[in-house]
Amino acid sequence: MGRAADPSRMSDTCIFCSIVDGEIPARTVYETDDVLAFLDANPLALGHTLVIPKTHAERVGDLDADLSSAVFDAVSEITPEVEAAVDADGANIGINDGEAAGQEVPHVHVHVVPRFDGDGGAPIHAVAGERPDLADEELDAIAADVSAAIDG
Ligand code: 5GP
Ligand code: ZN
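### Here we look at the pairing of strand β2 (residues 35-39)
Within β2, four of the five residues are buried, which leaves it mostly tucked inside the rest of the structure. In this sheet, β2 lies alongside strand β1 (residues 28-31) in antiparallel orientation, the contact comprising three bridges. If you follow Thr 28 over to β2, its bridge partner there is Phe 38. Linkage of β1 to β2, two consecutive antiparallel strands, is achieved through a turn of three residues. Two elements, β2 and strand β3 (residues 49-53), share five bridges in a ladder whose sense is antiparallel.

Structure (structure tokens):
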């Protein structure tokens, strides 16, 4: 008989929590008390690595300051090593935050995608839709709105 769903056990519903709990195998490349990094199962490039907090958080804004630091510390530590391991010339680093941005797994994860000279890929500027053509006043208003929202 199957185990009853326990809402506190995110590995019942979250594939990355299942990886953290060892219930689903992964090619782990780095681990600390708070962070796990493993190869993406469907890589965009050689060495495509995902860096996740071990505790479940869906969106980047759900991470507390310590966990954010731990995740970015891991990203900055392992990115040069991932690049070296696959002889890459650079990497794109990004988070799909929310379904509208392409997030499919609802557990925060940082993509480290190694890049190679002439690989035919694009910079991170290519991820969004049509570019807005904004006047200076509109940019000023957006900056004021964002700043107020952050202060709010
Ligand atoms: P997202 O679109 O949510 O930003 O990206 C999810 C990523 O997780 C995808 O690149 C996908 O290939 C990867 N992924 C999904 N399921 C698994 C899995 O079970 N194991 C591993 N290693 N990667 C996975
Ligand atoms: Zn999770």
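And the narrative resumes.
### Some thoughts on the layout of surface pockets
Once rolled over the atoms, a probe with the size of a water molecule shows which space is left empty. By volume, the largest pocket is sized at about 570 Å³. Residue lining of the largest pocket: 25 residues in total, with Phe 16, Asp 40, Ala 41, Asn 42 and Leu 50 positioned closest to the centre. For the lining of the largest pocket, the secondary structure elements donating two or more residues are α1 (15-20) and β2. At three residues, the largest contribution of residues to the lining of the largest pocket is made by α1. The residue makeup of the lining of the largest pocket, split by class, is 15 nonpolar, seven polar and three charged. Approximately 470 Å³ is the volume found for the second largest pocket. Surrounding the second largest pocket, 22 residues form its lining, Leu 44, Asn 92, Val 113, Ile 124 and Val 127 being those nearest its centre. Broken down by element, the lining of the second largest pocket gets its largest block of residues, four residues, from strand β5 (residues 110-115).

### A look at the coordination of the zinc ion (ligand 2)
Within the protein, Cys 14 (SG), Cys 17 (SG), His 56 (ND1) and His 107 (ND1) serve as the donor atoms for the zinc ion (ligand 2), at 2.0 to 2.3 Å. Metal-centred angles of 106 to 118 degrees between the four donor atoms at the zinc ion (ligand 2) mark the site as tetrahedral. Motif for the zinc ion (ligand 2), donor spacing along one chain: C-x2-C-x38-H-x50-H. Taken together, the residues His 56 in the loop between β3 and α2 (65-85) and His 107 in the loop between β4 (90-94) and β5 connect sequence positions 51 residues apart. For His 107, a relative accessible area of 0% gives the class buried.

### Let's talk about the site of ligand 1
The immediate surroundings of ligand 1 are formed by 16 residues, with Asp 40, Gly 102, Glu 104, His 109 and His 111 found nearest. Within the backbone of Ala 41, one N or O atom sits 3.2 Å away from a nitrogen atom of ligand 1. Within the complex, 82% of the 520 Å² of free accessible area of ligand 1 lies under protein. Judged by its atoms lying within 2 Å of the grid points, ligand 1 is housed in the largest pocket. Of all the secondary-structure elements, those providing two or more residues to the shell around ligand 1 are α1 and β2. Top element by residues in the shell around ligand 1 is α1. It accounts for three residues.

Rules used in this analysis
Residues numbered from 1 in each chain as written. Chains lettered and ligands numbered in written order. Predicted model: local features only at pLDDT ≥ 70, side-chain atom pairs only at ≥ 80, totals over all residues. Heavy atoms only, no water. Buried < 20%, exposed > 50% of the residue type's maximum accessible area, 1.4 Å probe, protein only. Helix = DSSP H or I, 4+ residues; strand = E, 2+ residues; numbered from the N terminus. Pairing = 2+ DSSP bridges. 1 Å grid on protein atoms, 1.4 Å probe; cavity = no way out; pocket = protein on both sides within 12 Å on 5 of 7 lines; lining within 4 Å. Points joined across faces, edges and corners; volume = space filled by probe spheres on them. Nonpolar A, V, L, I, M, F, W, Y, C, P; charged D, E, K, R; others polar. Donors = N, O, S within 2.8 Å, 3.2 Å for Na, K, Ca; no water. Tetrahedral: all angles 85-135°; square planar, octahedral: opposite > 155°, others 65-115°. Near = heavy atom within 4 Å. Polar contact = N/O pair within 3.5 Å; in protein donor to acceptor, adjacent residues only side chain to side chain. Areas by Shrake-Rupley, 256 points an atom, 1.4 Å probe, with all protein chains shown as cover. Sits in = over half its atoms within 2 Å of the grid points.

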